[in-house]
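# Architecture at a glance
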Amino acid sequence: MSATDVSEDVLTVMQARIAAHRREKRLMTLSGIAIFLLLFFTASWWTDFGIGAIIDGLPKFGHYLAKLFSTPAGGGSAERIPIVSFAHLFGGWDTKQSILYWFYNIGTFISLMLDTVAMAVLATLLGFSIAFLASFPASHNLSPAPWIVWLSRRILEVLRSIPDIVFALFFVFCYGIGPLAGILAMGLHTAGALGKLFSELNENASSRPIEGIRSVGADWFSTIRYAVVPQVFPGFVSYALLRFEINVRSSAIIGVVGAGGIGEEIKKVINFNRYEDISAIVILVVLLVIAIDTLSGRIRQRFIGDARIA
Amino acid sequence: MLVLEGVSRRFGDKSAVSDVDLRIEPGSFVGVVGPSGAGKSTLLRMINRLVEPTAGNIRFEDRDTTRLSGSALRDWRAQCAMIFQQFNLVSRLDVLTNVIAGRLNHMPLWRSLTKSFTDAERTMALRALHRLGIAEVALKRADALSGGQQQRVAIARALMQEPRIILADEPIASLDPHNAKVVMDALRDINRRDGILVMCNLHTLDTARTYCDRIIGMANGRVVFDGAPAEFVGGVIEQIYGADGARIDERMTSTSLGVGGAGQPAPMPA
Ligand SMILES: Nc1ncnc2c1ncn2[C@@H]1O[C@H](COP(=O)(O)OP(=O)(O)OP(=O)(O)O)[C@@H](O)[C@H]1O
Ligand SMILES: [Mg+2]
């Protein structure tokens, strides 16, 4: 009888607790929704963001397409004659407003895109080298002293947290318009981003080989070279290739502030409303990015596979 | 002569090794036994300074090794090679490079960083591997070898150091009885032919009796037995491992190597 009492007591207590728990959870959910709405509406009000603005802009999109798929009537008139036939759209180089005609300037674009890729390659190599060297002192398990870890981590953090476009503004100011500014900007940001990832790989490296090499009387550099680098290098390369993909996208944009590559051209054709050029560049950049991502992904996979067998 | 005087090590408020005094003759084969946590590994690691002693000093031929730092410390480490339970090879490097790594202390930095080894170094490494009967695996990756082979690579690396002392921390604890015997025989061969002092932590008491000419028993960080294998019997073992421990340990550990009858297959524990 007393046993029943006790168990009923437990039930009442637990029921009360469950109810309290549910109230708590409901409160959490409601606060979550409230925070979401508050943030959304405050930021919308601040930026004039809204469905209205999006809908208002839509006709301009049609306008862009209309311009793209029409030719000027000629004779100084502002009137435009729409393209109606496929024959026109897929016409030759000198058929105005045919797709081929968009690319009349393709030689320039391709040369600028090669600039863009070269910038990304250089920036990735530069960033990789800095990150490689900085990652060892920035790893708790390898660094000679805690203050060196602290210092190298802070430096990498600063490099990482400044967006490359901000670096680019600064370097365009120092070195003038051109690829040099873009390369330095992306290189430094890459150093920061890769340095953090590399030092995490270092910290996950097995300590056994490290102890083994240390026990033969090897100095710090040799210990890193023999016990750590063989463990982490495939990972480093894989991260660097991912970063290269990011840098190709980034270097297509970074030219907008004058730091070289296709970005400068993008800015120019937008300013001058050269619709066919805009389309051509957008298509080329998309193709380039897809090609680079595919290629780099393939290499990455093969590299990891090889490292396991070799 | 390797001399330890009042050597202690604390980890926080836990005393891992307390006040150890030892005098070890050059060329001897010393076994260190004791229950888990007795401080065996800590003692060995303090000798080549992978662990710093908190008190006491360790002298080798009248040089205080506890005061060494920088390149003098690294030279000392090169002189007392260490062999680990888990082999501690660099798994992604080939065997030859792992063995040559034993000479890193004797190489200028630029050669070490660029892996520019000399023919003499390669030959020396191959000889060391050959001595341990595994020359044919020289170009395999270290992680492609069996445990027994890996431990022999580790011993070859130690030989490359041309050490005066070899410290072995449970070198056979991860090996099957056959490989354990191969590894212990190799250590004995090195000890006898090259006159290198071998100091070896062991969990298997009969292995200690078979191979060592002196046994040091540790419990709770202290040396509680120090004598010839013949004296290492009954009551002494009970003192080290406790009454229950002694019974368990003797049963668990007396079978992993064929005692005396070299080469005979070891019976399975009951
Ligand atoms: N790095 C460390 N940090 C804290 N405590 C440690 C450390 N290394 C060892 N100890 C402690 O010191 C004591 C002795 O450890 P040690 O590894 O020397 O024992 P052992 O005799 O080698 O044991 P086993 O036979 O299990 O290998 C243990 O209590 C252990 O917990
Ligand atoms: Mg141990």
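Here the residue numbering is sequential within each chain, running from 1 through the sequence in written order. Each chain is given a letter, starting from A, and each ligand a number, starting from 1, according to the order in which they appear as written. Only residues with pLDDT of at least 70 get local features here, since the model is predicted, and only at 80 or more are side-chain atom pairs given and counted; chain-wide, interface and lining totals rely on the full set of residues.

Helix and strand assignments follow DSSP, with helices taken as H or I runs no shorter than four residues and strands as E runs no shorter than two, numbered in order from the N terminus. If you tally the helices and strands in chain A, you get twelve helices and two strands. Listing every helix and strand of chain A by position from the N terminus yields α-α-β-β-α-α-α-α-α-α-α-α-α-α. Exposure in this text rests on C-beta crowding, where 20 or more other C-beta atoms within 10 Å of a residue's own make it buried, 12 or fewer make it exposed, and counts in between make it partly exposed. The C-beta atoms are placed from the backbone. The burial tally for chain A puts 32% of its 310 residues in the buried class. We call two residues in contact when their backbone-placed C-beta atoms lie within 7 Å. Intrachain contacts of chain A at a sequence separation of at least 6 include 65% that bridge at least 24 residues.

A few words now on helix H7 (residues 177-194) of chain B. Residue and element names in this part refer to chain B. Its 18 residues place the ends of H7 25 Å apart at the C-alpha level, agreeing with the 26 Å of an ideal helix rising 1.5 Å per residue. Within the sequence span of H7, burial applies to Ala180, Lys181, Val183, Met184, Leu187, Ile190 and Asn191. Tucked into the core, H7 has its buried residues touching strand E3 (29-33), helix H6 (147-160), strand E7 (165-169), strand E8 (197-201) and helix H8 (205-211). Downstream of H7 by one or two residues, glycine 195 has phi in the positive range, about 65°. In this analysis, the expected span of each helix is defined as 1.5 Å times one less than the number of residues it contains.

Moving on: the nonpolar core. Connectivity within a nonpolar core runs through C-beta atoms within 7 Å, and the core itself is a set of buried Ala, Val, Leu, Ile, Met, Phe, Trp, Tyr and Cys residues. Within the largest apolar cluster, 90 residues are counted, with the highest numbers of intra-cluster contacts made by Val99 and Ile166 of chain B. Among the elements that make up this core, the one with the highest residue count is H6 of chain B (seven residues). Not counting residues up to four positions away in its chain, the partners in contact with valine 99 of chain B are Ala125, Ala128, Leu129, Val153, Ala156, Arg157 and Met160 of chain B. If you look at the next biggest cluster of nonpolar residues, it comprises 44 residues, including Met113, Leu188, Ile266 and Ala280 of chain A.

Here we come to the UniProt feature "transmembrane region" (unreviewed entry) in chain A. Here, UniProt's "transmembrane region" (unreviewed entry) annotation points to residues 27-46, 101-134, 165-188 and 278-295 of chain A. The distance separating the terminal C-alpha atoms of residues 165-188 of chain A is 11 Å; by composition the span is 88% helix and 0% strand. UniProt positions are given in the numbering used here, feature names are shortened, and annotations may be inferred rather than shown by experiment.

Our next topic: the site of ligand 1. Near, as applied to residues and a molecule or strand, means the residue's backbone-placed C-beta atom lies within 6 Å of it. Around ligand 1 lies a shell formed by Phe11, Lys14, Ala16, Gly34, Ser36, Gly37, Ala38, Gly39, Lys40, Ser41 and Thr42 of chain B. Those elements giving two or more residues to the shell around ligand 1 turn out to be strand E2 (14-24) and helix H1 (40-47) of chain B.

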